[in-house]
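Here is how the chains run, residue by residue.
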Amino acid sequence: MKRLSPIMLGGTGSDVGKSLIATGLCRIFLQDGYRPAPFKAQNMALNSYATSDGREIGRAQAVQAEAAGIECSTDMNPILLKPSGEMRSQVVINGVPHGDREAYQYFRKEGKEELRKVAHEAFDRLASNFNPVVLEGAGSIAELNLKDGDIVNMSMAEYADANVILVADIDRGGVFASAYGSIMLQDASARRRIKGIIVNKFRGDLRLFDDGRRMMEEVCGVPVLGVVPVAAHIHIEEEDSVAIAGKGRGAVGGKVNVAVVLLKHISNFTDFDVLERRPEVNLYYAAEPEDLSAADIVIVPGSKNTQDDLLTLRMSGMSDAICKARDEGKTVIGICGGYQMMGLEVSDPDGVDGGPALLPGLGLLPVRTVMTREKRTRRVTFRFLDDARECEGYEIHMGRTESARPLATLSDGTPEGCIADNRCFGSYIHGLLDNQAVIDHLLAPYCDAYSGSDFDYKAYKESQYDALADWLRTYVDIPKLYEIMSGND
């Protein structure tokens, strides 16, 4: 295939749709016979994924790799920041944790050369094996105060010699100002790299923006390659918890109501995507104790800071509401950090979480957790209870939890998780609910007509990637994009 230059999706801000469009382009290039790969030099997210060699990257790049039809690797996201507090993040480099850093310390210009080198080397490895590389920026490309320390936006585009497509979100308002400002605040060299604009998240009749499109091209001096409507009918795993704001927040009649406790440091909320797709299920996020009163199933999700979230549950009264749900015979389960919270205690002798040396848990499972500095990151296959079907998932956690009543058995014979009874259990395994054996067990008590019908999540995701590609082909000038990447613009 013809060699294409790298392309970067830069944004006018955060949550404008860069990740989604990058995912769709990866699938389009795959469909058209290329061998694409995604790349984001630096990602900040609590949604992460385990690579096949037991390392950690942002979930968005794993999704994009899946859309590209390739195995994900740390080269696709060499630097991952996982916020553990208001101004502090764990820094993961090439898939391995390298301690916590204060935001002020990390984002200063000083000391960035080492991280820049890591990002450049990862990109070079990808570019030597894939064609094209689809880069994604972070936040806004026009943060002037962070420009000198930038390793992910325009400086990365310059190193990669990538053409930049600016993604602007019309749904939040101010699209002309944000697009114009994002371009005009660049220096002349960076400005020349911006070869097009995609106006994203449009609502209503596209003809209403015909004049707007022309005006944007006139004032920005850059062609508008497409105006993309909100794609609410297409379901691609979200990059970060900002997406939770748009999800349901209450119980409804006639369905199995599943309440996910909304933790301050919630991580890997994509654990619930499969459950959310079940027609018999209404899944919502519970922020207040009363939100659990009408739930049939309560899930305590993963957390980047188990102790802080456990303390918050106690202070808010949510811990009492969870225990009350258990007393009333409802199903209560915990995943990863939620599993740790459901035990008898969480001890932190080395200050890994930065909280007390010992905290009592919710007391719902007969387990004790000791936080450790060593992070376990790996994919696993397992059997759930006595079900013969092979299941898959992945672990990303710090801490050891011993259990005398295991929920599952890993392929190497190691016991995993804990079960108190059929309506109360916990596990470290992310992706636990992606498995039909687990869904069957979870929903059977609540669905009179539940048949355990299989839902092929892998096939469903493939269909969604194809639907996204079709959507972008409809609303984005893909032939023009190929011209830009071929150097013919």
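Our structure is the block above this text.
Since the structure is predicted, the reported quantities are computational estimates derived from the model, not experimental observations.

Some thoughts on a nonpolar patch on the surface
Next up, step 1: On the surface, a cluster of nonpolar side chains totalling about 410 Å² of accessible area is made up of Phe 176, Tyr 180, Met 184, Met 215 and Val 219.
Next up, step 2: For the nonpolar patch, the secondary structure elements donating two or more residues are helix H6 (175-184) and helix H8 (210-220).
Next up, step 3: No other element matches H6, which puts three residues into the nonpolar patch.
Next up, step 4: Among the secondary structure elements, Met 215 is positioned in helix H8.

Notes on unusual backbone geometry
Next up, step 1: Cis geometry marks the peptide bond from Asn 131 to Pro 132, where omega comes out at 0 degrees.
Next up, step 2: Relative to the helices and strands, Pro 132 is located in the loop between helix H4 (112-127) and strand E9 (133-136).
Next up, step 3: Notably, Asp 15 is not glycine yet its phi reads approximately 60 degrees, a positive angle.
Next up, step 4: With respect to the element layout, Asp 15 can be found in the loop between strand E1 (7-11) and helix H1 (18-31).

Details of the side chain of Thr 51
Next up, step 1: Tracing the sequence through the fold places Thr 51 in the loop between strand E4 (48-50) and strand E5 (56-58).
Next up, step 2: Those residues within four positions of Thr 51 in sequence are excluded, and the remaining contacts are Ile 57, Cys 72, Ser 73, Thr 74 and Arg 379.

Let's talk about the packing of H1 against helix H15 (residues 478-485)
Next up, step 1: Interhelical geometry of H1 versus H15 gives an angle of 85 degrees and a closest axis separation of 13 Å. Overall, the two elements H1 and H15 adopt an arrangement that is roughly perpendicular. Packed against H1, whose contacting residues are Leu 25, Ile 28 and Phe 29, the element H15 presents Ile 478, Leu 481, Tyr 482 and Met 485 at the interface.
Next up, step 2: For the contact of H1 with H15, the per-class residue count stands at seven nonpolar, no polar and no charged.

Some words on the sheet that holds E1
Next up, step 1: Judged by pairing direction, the sheet is parallel, and its six strands sit side by side in the order E2-E9-E1-E10-E11-E12 without closing on themselves. Edge positions in the sheet fall to strand E2 (37-39) and strand E12 (224-229), since each of these pairs with one other strand and no more. Taking each pair of neighbouring strands and ignoring which way they run, the sheet shows an average axis angle of 20 degrees.
Next up, step 2: Judged from the three bridges that link them, E2 and E9 form a sheet pairing that is parallel. Paired with Ala 37 across the two strands is Val 133, which belongs to E9.
Next up, step 3: Along the sheet, H8 makes contact with strand E11 (194-202) and E12, crossing E12 at roughly 140 degrees.

Quick notes on the sheet that holds strand E13 (residues 256-261)
Next up, step 1: Strand order in this open sheet of six strands is E15-E13-E16-E18-E26-E25, and the pairing throughout is mixed. Two strands in the sheet have a free side with no partner beyond their single neighbour: strand E15 (281-286) and strand E25 (418-421). The mean inter-strand angle of the sheet, taken between neighbouring strand axes irrespective of direction, is 15 degrees.

Structural notes on the pattern of salt bridges
Next up, step 1: On inspection of all chains with the given rule, the structure shows 32 salt bridges.
Next up, step 2: Between Glu 136 and Lys 40 there is a salt bridge, with its nearest N and O atoms 3.2 Å apart. Here the residue Glu 136 occupies a position in strand E9, and Lys 40 occupies one in the loop between E2 and strand E3 (42-44), the gap between them amounting to 96 residues. Of the two residues, Glu 136 and Lys 40, both sit in the buried class.
Next up, step 3: Note that Lys 201 and Asp 169 form a salt bridge whose closest N and O atoms lie 3.6 Å from each other. Placement of the pair is Lys 201 in strand E11 and Asp 169 in strand E10 (residues 163-169), with a sequence separation of 32 residues.
Next up, step 4: Among the charged side chains, a salt-bridge network with shared partners connects Asp 15, Asp 169, Arg 172 and Lys 201.

Brief notes about the environment of Leu 80
Next up, step 1: Checked against the element boundaries, Leu 80 lands in strand E6 (residues 79-85).
Next up, step 2: The exposure class assigned to Leu 80 is buried, which follows from its relative accessible area of 1%.
Next up, step 3: Taking the C-alpha atoms as reference, Leu 80 lies 27 Å from Ser 178; in sequence the two are 98 residues apart.
Next up, step 4: The residues touching Leu 80, leaving out its near neighbours within four places in the chain, are Asn 43, Ala 45, Ser 48, Glu 56, Ile 57, Gly 58, Gln 90, Val 91 and Val 92.

Description of the packing of aromatic side chains
Next up, step 1: Tallied over the entire structure, the rule returns 11 aromatic pairs.
Next up, step 2: Here the aromatic rings of Tyr 457 and Tyr 460 are separated by 6.4 Å at their centres, their planes lie at 20 degrees, and the arrangement is stacked. Note that Tyr 457 and Tyr 460 are positioned in helix H14 (residues 457-475) at a spacing of three residues, about one turn of the helix. Of the two residues, Tyr 457 and Tyr 460, both sit in the buried class.
Next up, step 3: Taken together, the aromatic side chains of Phe 29, Tyr 34 and Tyr 482 make up a single cluster linked through ring pairs.

Quick notes on the packing of H1 against H14
Next up, step 1: One can describe the packing of H1 onto H14 by two numbers: an axis separation of 8 Å at closest approach and a directional angle of 95 degrees. Here H14 runs roughly perpendicular to H1, going by the angle between their axes. From H1, Leu 20, Ile 21, Thr 23, Gly 24, Leu 25, Arg 27, Ile 28 and Gln 31 reach across to H14, where they touch Glu 462, Tyr 465, Asp 466, Leu 468, Ala 469, Leu 472 and Arg 473.
Next up, step 2: Residues that form the contact of H1 with H14 fall into these classes: eight nonpolar, three polar and four charged.

Focus: the pairing of strand E21 (residues 368-384)
Next up, step 1: The sheet contact formed by strand E19 (residues 345-347) and E21 spans three bridges and is parallel. By the bridge assignment, Glu 345 is partnered in E21 with Arg 368.
Next up, step 2: With 12 bridges joining them, E21 and strand E22 (residues 390-402) adopt antiparallel strand pairing. The residue of E22 that forms the bridge with Arg 379 is Tyr 394.

Cut-off values and rules
Residues numbered from 1 in each chain as written. Predicted model: local features only at pLDDT ≥ 70, side-chain atom pairs only at ≥ 80, totals over all residues. Heavy atoms only, no water. Patch = residues over 30% accessible without salt bridge, like charges linked within 9 Å, V, L, I, M, F, W, Y side chains within 5 Å. Areas by Shrake-Rupley, 256 points an atom, 1.4 Å probe, with all protein chains shown as cover. Salt bridge = Lys/Arg side-chain N within 4 Å of Asp/Glu carboxyl O. Helix = DSSP H or I, 4+ residues; strand = E, 2+ residues; numbered from the N terminus. Contact = heavy atoms within 4.5 Å. Axes fitted to C-alpha atoms, helices over the stretch in contact; angles between N-to-C directions. Parallel < 35°, antiparallel > 145°, perpendicular 65-115°, else oblique. Nonpolar A, V, L, I, M, F, W, Y, C, P; charged D, E, K, R; others polar. Pairing = 2+ DSSP bridges. Buried < 20%, exposed > 50% of the residue type's maximum accessible area, 1.4 Å probe, protein only. Phe/Tyr/Trp six-rings, centres within 6.5 Å; stacked < 30°, edge-to-face > 60°.

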